[in-house]
Amino acid sequence: MNRLRRILVSLFLVWTFVCNGLPVQAQDFISTSDDISNGSSVFVMRQSRTANQSKVAFVRTKTKRTAVERKETRKKVKQQAVVIKKAKAKPKPVKAKPGKKTPPTNVIPPKKNEKPNVDQLDTSEAFTAGADTYVDRNQVDKAIPLYRKAIEFNPKNTDAQEGLSAALTARGDDILDKALAQDATAEVEYTPQSAAASYLEAIELDENNAEAYAGLGEVYDSIEDSEGSTENKDKAISAYNKALSISAGLTELFAPLGILFFQKGEIAKAETYLAKAVATNVNDWETQYFLGLVRYRQNANPEALAALRKSIQLNPKVAESHYYLGEVYDRLDKDAEAIVAYNKAIEINPNYVEAWFDLGVANYNRGRYDKAILAYSQVKKLKNDYTDAWLNLADVYRQQKEYEKANAEYVVGATLASRSKDYSKEQKSDIYGKFGYCLGKTENWESAILQLKKAVDLDEDEIDYTNLGWAYYNAAGKALSEKDQNGTKKFLKQAKDALKKATKLNPKSVGGLLNLGLTHEGLGEFDDAVEALKQLNTVKENWDIARYELGFAYSLNKDFANASEQFKRATEINKDFVDAFYRWGVSENALGRKDSANTILKKLKTFNSPKAKNLATSLDLVLKGAVLKEGQRQVENKVNEINPLKKIPKIPKLPF
């Protein structure tokens, strides 16, 4: 157990080491004691430990029109249709209708393929006239059966056919409007689908009924597609386009068409229709809002701001407009404006989960962790199964080094993520990895191992095996502190197995090679430790820590000549590396090079930090051959002060 005892000695050599320029892109190394040079194993974060969190925009935020907005569109389309119909209407010639003014009761409808006689034609006209009267009184439901009777007596009665088509369209509109304004307490349930039959029959009677196509488009637009399908969106687009092909004046359909293409991700087509909609009516807030979303999606930020501001000017009470305004500001790094916009969205809609979430992200990414905690906590209250809120809050606590609180969030977040199809295997592995790290920081090493095993099972890569080895190595340290020699040996062997897998998967794994070298030292396998750390130095040639650790491995193997060379290289790479100067001096002394060791001592005395002075004092005593009883006591005090595993037994003597 020389290596683990050596860790305690090395804790006397504490300094703040910032790890920059690591060889694995977008990864961070974190050591158990936040001090790699103390012989501490390293944990590898898959991404930088301070990596920005991601927004929810265009991932889960709904971009469909509300029922109120749909009803408003319906109203505008019908108004346009009335204007168009009046403009196209031609005065009908007045003609005397044969027979009685009311339908006779003794006339029988013609049989199929039988030409109607005069009485049947007269009856058909009478039913049509009656139906028209009901239409004029807005009593469509009474008109429809009369039109049907008129057609029954004369299948070629075009007035009745067109009248019935218009009446069915009106009934479909009524059903659709009721469906869009459906009250939960209503006795009769209306759905958009229930209007479809009326529209389809209206189209069958009159294939040029643009209003029926427009209504049918709204029906399909109102129906949610199943996951991965755009069937209803496609049907809605087809119906809207058919309505426009019949009646180009129905320009109010441009906006819903643009919105549908936006929802399908066909941004160019969405832009085309929304630009037409704005050109037709610049003062429609909904069109401006969705045009703003299109511009945002196109990274046309100034145009997005203009459209969203216009939307807010026209209708300041729409929370979504303020929310996406905040998204644009945040993208432009206009922090103050973004926060104001998010807060305005929340003021309008206190239950706006996405706005709360992205407010948390904006604060986290700028280091305002307390405010991020408040925002994410609110998300959890509103939607307690919102996985990312639990995980992001855990990350906040991890950044604040409040590891117990982080674990409480990770345990729920990891459970939710494990059941979700929204997370890839790699993402789940990363979650388990961070959870395992925080468990380790609270000394729950066996629980940390359990989580890191889950990470390995999901994504067998060198990072996960490196981190599993990290947990086993530190579990061995805890076992040693509890005087459990069997446990210590078992965990070290498990650490070695995991780390060998890591370095087999990636022979250039910096974290894996470093941890493997330390584990070999803990097992007393000094030759193997040297080989692993030599390989590390070929991967990261100018890393002072790698040189330092290799030097120490040589020291444990009593190869002081090579140890001295490595400590010297470490000081050349980092001229302020006082620990390396100390170890270099000790190695030179072990080789009998007193003059060289004294020169190093003089250099060490030039550093002005308290730690450097302590090291200089210790090296001076080593060179004088003194028994370091007082120095040993200082080591023990320092161990108890900073070591997270405070129960580790005191070492009997210094190795040099």
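Predicted model, so just to flag it, every value in this text is computed and none were measured.

What counts as what
Residues numbered from 1 in each chain as written. Predicted model: local features only at pLDDT ≥ 70, side-chain atom pairs only at ≥ 80, totals over all residues. Heavy atoms only, no water. Helix = DSSP H or I, 4+ residues; strand = E, 2+ residues; numbered from the N terminus. Buried < 20%, exposed > 50% of the residue type's maximum accessible area, 1.4 Å probe, protein only. pLDDT = per-residue confidence, 0-100. Contact = heavy atoms within 4.5 Å. Expected span 1.5 Å × (residues − 1). Salt bridge = Lys/Arg side-chain N within 4 Å of Asp/Glu carboxyl O. Axes fitted to C-alpha atoms, helices over the stretch in contact; angles between N-to-C directions. Parallel < 35°, antiparallel > 145°, perpendicular 65-115°, else oblique. Left-handed = near helix turned anticlockwise from the far one by under 90°. Phe/Tyr/Trp six-rings, centres within 6.5 Å; stacked < 30°, edge-to-face > 60°. Lys NZ or Arg CZ within 6 Å of the ring centre and 35° of its normal. Nonpolar A, V, L, I, M, F, W, Y, C, P; charged D, E, K, R; others polar.

## Some points on the overall build of the chain
Argument step 1. Per the secondary structure count, the chain includes 30 helices and two strands.
Argument step 2. Burial status across the chain gives 53% buried among its 656 residues.

## Focus on the confidence of the model for the chain
Argument step 1. The predicted model of the chain averages 84 in pLDDT, with 84% of residues at 70 or higher.
Argument step 2. Across the chain, helix α16 (residues 369-382) holds the top mean pLDDT of 97, while helix α1 (residues 2-10) sits lowest at 39.
Argument step 3. In the model, residues 627-656 has pLDDT below 50 throughout and makes 49 contacts with residues more than four positions away in sequence or in other chains.

## Focus on helix α28 (residues 594-605)
Argument step 1. For α28, which comprises twelve residues, the first-to-last C-alpha distance of 16 Å matches the rise-based estimate of 16 Å (1.5 Å per residue) to within 8%.
Argument step 2. Where α28 is buried, its residues contact α27 (578-590) and α29 (610-623).

## Considering the pattern of salt bridges
Argument step 1. Scanning the entire structure with this criterion turns up 27 salt bridges.
Argument step 2. Between Asp335 and Arg368 there is a salt bridge, and its shortest N-O distance comes to 2.8 Å. Pair noted here: Asp335 is in helix α14 (residues 335-348) and Arg368 is in the loop between α15 (353-365) and α16, with a separation of 33 residues, a long-range link.
Argument step 3. Taking the relative accessible area as the measure of exposure, Arg368 reaches 23% and is therefore partly exposed.
Argument step 4. In this structure, a network of salt bridges that share partners links the residues Asp330, Asp333, Asp335, Arg366 and Arg368.

## What about helix α4 (residues 140-153)?
Argument step 1. With 14 residues, α4 ought to run about 20 Å at 1.5 Å a step, and its terminal C-alpha atoms sit 20 Å apart, in line with that.
Argument step 2. Where α4 is concerned, the buried positions are Val140, Ala143, Ile144, Tyr147, Ala150, Ile151 and Phe153.
Argument step 3. On the buried face of α4, the contacting elements are α3 (118-136), α5 (158-180) and α6 (192-205).

## Some remarks on the packing of helix α22 (residues 485-505) against helix α23 (residues 510-522)
Argument step 1. Between α22 and α23, whose axes approach to 9 Å, the crossing angle comes to 150°. Here α22 is positioned roughly antiparallel relative to α23, judged by the angle of their axes. Remark: the crossing between α22 and α23 carries left-handed chirality. Along the contact surface, α22 presents Leu492, Ala495, Lys496, Leu499, Lys500 and Thr503, while α23 presents Gly512, Leu513, Asn515, Leu516, Thr519, His520 and Gly522.

## Remarks on the packing of aromatic side chains
Argument step 1. What the rule picks out here adds up to 25 aromatic pairs.
Argument step 2. Aromatic side chains Phe254 and Tyr273 sit 6.3 Å apart centroid to centroid with 45° between the ring planes, which places their arrangement in the tilted category. Placement of the pair is Phe254 in helix α9 (residues 254-264) and Tyr273 in helix α10 (residues 267-280), with a sequence separation of 19 residues.
Argument step 3. In this structure Phe254 comes out as buried when scored by relative accessible area, which is 12%.
Argument step 4. Tyr273 sits in the buried class, given a relative accessible area of 16%.
Argument step 5. On the basis of an interplanar angle of 70° and a centroid distance of 6.4 Å, the ring pair of Tyr296 and Tyr324 is categorised as edge-to-face. Of this pair, Tyr296 sits in helix α11 (residues 285-297) while Tyr324 sits in helix α13 (residues 319-331), placing them 28 residues apart in sequence. Both residues of the pair, Tyr296 and Tyr324, belong to the buried class.
Argument step 6. Ring-pair connections join several aromatic residues into one group, and the members of that group are Phe262, Trp285, Tyr289, Phe290, Tyr296, Tyr323, Tyr324, Tyr342 and Tyr352.
Argument step 7. Here the guanidinium or amino end of Arg331 rests over the ring plane of Tyr296, the centre of that ring lying 3.9 Å away.
Argument step 8. In this structure, Lys380 is placed above the aromatic ring of Trp390, and the distance from its NZ or CZ to the ring centre is 3.9 Å.

## Details of the packing of α27 against α29
Packed helices, taken two at a time, are described by the angle between their axes plus the distance between the axes.
Argument step 1. For the pair α27 and α29, the least separation of the axes is 10 Å and the interaxial angle reads 5°. Viewed along their axes, α27 and α29 adopt a mutual orientation that is roughly parallel. Contacts between α27 and α29 involve Val578, Asp579, Tyr582, Gly585, Val586 and Asn589 from the first element and Lys611, Ala612, Leu615, Ser618, Leu619, Val622 and Leu623 from the second.
Argument step 2. Here the contact of α27 with α29 is built from residues that sort into eight nonpolar, three polar and two charged.

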